[in-house]
Amino acid sequence: MESIEFITSHLFTILGLAATGVFAGVLAGLLGVGGGIVIVPVLFFLFQSFGVSAESSMLVATATSLATIVPTSISSIRSHRRKGNVDFGLLKRWAGWVFAGVLVGSWLVTRVDGRWLTVLFGVIATLSALNMLFRTGKSALFDQLPGRLGQAVMGSSVGFFSSMVGIGGGTISVPLLTLYAYPAHRAVGTAAAIGLIISLPAALTMLVFGSTPADAPAGTYGLVNVLGFLCIMPLTVLCAPLGVAIGHKLDAVKLKRVFAVVLLITGLRMLMQVFL
């Protein structure tokens, strides 16, 4: 009886979260983009429509996005491993550094004002959009990956910035690796494994050590909105194949450019909300 009353009283919230899962899943399959780059801004604006402050919305959106990435990363790793697209050598070199960056980044999320996370996401989203618009299909800038020190900086940076804005790592690591003439298919497959190293410890840190904002949406524990996780995660997994099927019938390059423009507008809007 209590569960029925909860669903009834939070029906619009549940429907909004479910729509987020469908939207993120379709786009992930359609364009090959990570779910976090879609989920975070959608939740950021959705929570505000429920009366949650922008600062609290960003904190909860970041943590909830990371929680949803855990199961989807596991599924993705299995798929890419079967195809031989996971570079375990690179993963071994990067894992410790990524993890260290995640620990620092996710701890900071539990301490900083949500406005700074909004700024950081806005900057990363804008740069990612510009990369999709102007760098897709371009030749690499370097012939090979840097040495151990350079890769340590790359790995820790991917872990740090990804955990702070609620993305799995592919948004940053794939374009970063392809700058160094790293095969794109292996970059995507390895990024899936990096996503698990980022999302699991980051989500747990924010769940256990995060202080739930007073105006957080219903079902929030720590900084993770468990209701959002339960609504978004299964629908994202179920709808990704639909996006893949649609993508086979449409021009992927044009679709990616359209998404890049939408992402650019979203990133700039988030920045404007903080500074204007």
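To keep things clear, this report deals only with the structure shown in the data block. (Residues numbered from 1 in each chain as written. Predicted model: local features only at pLDDT ≥ 70, side-chain atom pairs only at ≥ 80, totals over all residues. Heavy atoms only, no water.)

## Considering the packing of aromatic side chains
Thought 1: Tallied over the full model, the rule gives 3 aromatic pairs.
Thought 2: Between the aromatic rings of F142 and Y180, the centroid separation amounts to 4.7 Å while the plane-to-plane angle is 20°, which identifies the pairing as stacked. In this pair, F142 is assigned in the loop between α6 (114–134) and α7 (148–165) and Y180 in the loop between α8 (170–178) and α9 (184–209), connecting sequence segments 38 residues apart.
Thought 3: Since its relative accessible area comes to 40%, F142 is described here as partly exposed. (Phe/Tyr/Trp six-rings, centres within 6.5 Å; stacked < 30°, edge-to-face > 60°. Helix = DSSP H or I, 4+ residues; strand = E, 2+ residues; numbered from the N terminus. Buried < 20%, exposed > 50% of the residue type's maximum accessible area, 1.4 Å probe, protein only.)

## Structural notes on the packing of helix α5 (residues 88–109) against α7
Thought 1: Relative orientation of the contacting elements α5 and α7 amounts to 40°, with a least axis distance of 6 Å. Once α5 is placed against α7, the crossing between them reads as right-handed. Between α5, through L90, R93, W94, W97, V98, G101, V102, V104, G105, S106, L108 and V109, and α7, the contact on the second element is made entirely by Q151, A152, M154, G155, S156, V158, G159, F160, S163 and M164.
Thought 2: Looking at the contact of α5 with α7, its residues break down into 13 nonpolar, 8 polar and 1 charged. (Axes fitted to C-alpha atoms, helices over the stretch in contact; angles between N-to-C directions. Left-handed = near helix turned anticlockwise from the far one by under 90°. Contact = heavy atoms within 4.5 Å. Nonpolar A, V, L, I, M, F, W, Y, C, P; charged D, E, K, R; others polar.)

## Notes on the pattern of salt bridges
Thought 1: What the rule picks out here adds up to 2 salt bridges.
Thought 2: Close ionic contact of R115 with E55 constitutes a salt bridge, the shortest N to O distance being 4.0 Å. Here R115 is found in helix α6, whereas its partner E55 is found in helix α4 (residues 54–82), with 60 residues between them in sequence.
Thought 3: R115 serves as the salt-bridge partner of D113, at 3.1 Å between the closest nitrogen and oxygen.
Thought 4: A residue is classified by how much of its surface remains accessible, and D113, at 29% relative accessible area, is partly exposed. (Salt bridge = Lys/Arg side-chain N within 4 Å of Asp/Glu carboxyl O.)

## Topic: α5
Owing to its 3.6 residues per turn, the α-helix brings residues three or four apart onto one side.
Thought 1: Spanning 22 residues, α5 covers 29 Å between terminal C-alpha atoms, matching the ideal 32 Å at 1.5 Å per step.
Thought 2: Of all the bends in α5, the greatest, near 45°, is centred on W94.
Thought 3: Of the surrounding elements, those touching the buried residues of α5 are α4, α6, α7, α8 and α9.
Thought 4: Two to three positions downstream of the cap, the backbone nitrogen of G89 sits 3.1 Å from a side-chain oxygen, assigning the N-cap of α5 to D87. (Expected span 1.5 Å × (residues − 1). Bend = angle between axes of the 7 residues up to and from the residue. Polar contact = N/O pair within 3.5 Å; in protein donor to acceptor, adjacent residues only side chain to side chain.)

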